[in-house]
Amino acid sequence: MAAEHLGDKLARLRRLADLTQDGLAERSGVSVDVIRKLEQRRKHSARLPTLHALSKGLGVELTSLLGDPPGVPSNGEADPPALVAVRRAIMPPLFAPPPEPNSAERLSLGLLRREIADGWTLYHDADFGRLMEVLPGIIADARLAAAVGTASEREAGQAALGKALQLAGHLAIRLGKTDLALSALERAMNAAEQSSDPLLTPMVSNSVAWNYQRQNRLDDAERLAVHAADGVERDHADTAEGVRVWGGLLMSAATSYARSGDYDQANELMTTAENATRRLATLPAPADSKMVSVFSRSSVRIERVRLAVQHARPEEALSLAQGLRLSADTPPSWRTWLLLDVARAHTDLGNAEGAVRALERLRQIAPAWMRHHTLAVAIVSDLWSGPSRPPGLRRLVEFLGVAN
């Protein structure tokens, strides 16, 4: 099923807000010409700062305009059963009895951590359907581990519970359910504060900052990330885990600055983060990086490419992407984003051949992800309506169901 065109979403939300195109332009600060071209499908995509301004003018969350795959819209329809089960796992029924301390049903902490790590693998592979199926059981196992045993065992169980609920928060964000995500992350923060892991609270803070960004609460996101980063730098700068968490928070703060329009400050923070990745080579690696933070030279460079593309700097984006060797622990979802951003940069420079090459590679490695992503559809639509139609473009048009 083809994704809804950005212009159609914009027109629908504008009418729901009882705004004319001129009224939305005045409220958002976006020119009426851009709004008109989007709604008339003469323009298929927009920069992220523009989308933030439009969502603010409409009084909606950014996810209403720009979804992530598989994209569950907030359209009033009932949640599917799998999502209801995740919601119930995050927020158990009121007055539900506490978990029974049945030792036969308890997982060892080692097995529980492996179960959670496998869940994060599903998340990074964008296998959200399968993750929805297994996540309620993971949360239930972690909640039991946090409730029984010795004091030290309960603290370790709280760490597992915090990580499981953080995973639930990330999944909810990807599904466009930012309020559910905040509920999950608040519970994750509570578990982190009772846990044996001193880095879990700042890790969850990073997730909350991401959620704030998706709700266009950019000032809140930036302040939270900077505050948490300062604490990690003060207390944990001598371990690889600490550097990874600190670096991830720095990247989050940079993203908030960039989306607020301060690209220079964002670029300075990203450069600082990238330089810090050299320290990781001198420190013992974490036991399981999935349980810590996606922070490496590859991840920082991918994010720098993304920010450059989003702020109309396609030459800079392609320069940053050139010769980039991805580390083995770079999640597949980050690899797909890089290809999509490279395609967008080529498109902005009028290099249809380069864009098609990147999109063809993306289609080969992540076909389902690409088919459901609104930005991929927008880029192919822009290319198809352009003056040059290189070999391979028609295949992409047919694959994505873009109207001829």
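Further up the page is the structure itself.
Residues numbered from 1 in each chain as written. Predicted model: local features only at pLDDT ≥ 70, side-chain atom pairs only at ≥ 80, totals over all residues. Heavy atoms only, no water.

Structurally, A209 can be placed in helix α10 (residues 200-214). Overall, the relative accessible area of 0% leaves A209 in the buried class. For the pair A209 and V226, spaced 17 residues apart in sequence, the C-alpha separation works out to 9.9 Å. With residues near it in sequence (within four places) discarded, A209 still touches A221, L224, A225 and S252. (Helix = DSSP H or I, 4+ residues; strand = E, 2+ residues; numbered from the N terminus. Buried < 20%, exposed > 50% of the residue type's maximum accessible area, 1.4 Å probe, protein only. Contact = heavy atoms within 4.5 Å.)

The subject of this paragraph is the packing of helix α1 (residues 6-16) against helix α3 (residues 32-39). At a closest axis distance of 7 Å, the pairing of α1 and α3 adopts a crossing angle of 115 degrees. Looking at the two axes, α1 sits roughly perpendicular to α3. Where α1 abuts α3, its residues L6, G7, L10, A11 and R14 lie against I35, L38 and E39. In terms of residue class, the contact of α1 with α3 is made up of five nonpolar, one polar and two charged. (Axes fitted to C-alpha atoms, helices over the stretch in contact; angles between N-to-C directions. Parallel < 35°, antiparallel > 145°, perpendicular 65-115°, else oblique. Nonpolar A, V, L, I, M, F, W, Y, C, P; charged D, E, K, R; others polar.)

The phi dihedral of D18 falls on the positive side, at around 55 degrees, and the residue is not glycine. Relative to the helices and strands, D18 resides in the loop between α1 and α2 (21-28). In this structure, R41 takes a positive phi of about 60 degrees despite not being glycine. Locating R41 in the fold gives a position in the loop between α3 and α4 (48-58). By relative accessible area, which is 42% here, R41 ends up partly exposed.

Turning our eyes to something else, we now look at the environment of H52. Tracing the backbone shows H52 in helix α4. A residue is classified by how much of its surface remains accessible, and H52, at 3% relative accessible area, is buried. Sequence-wise, H52 and R214 are 162 residues apart; in three dimensions their C-alpha atoms are separated by 9.2 Å.

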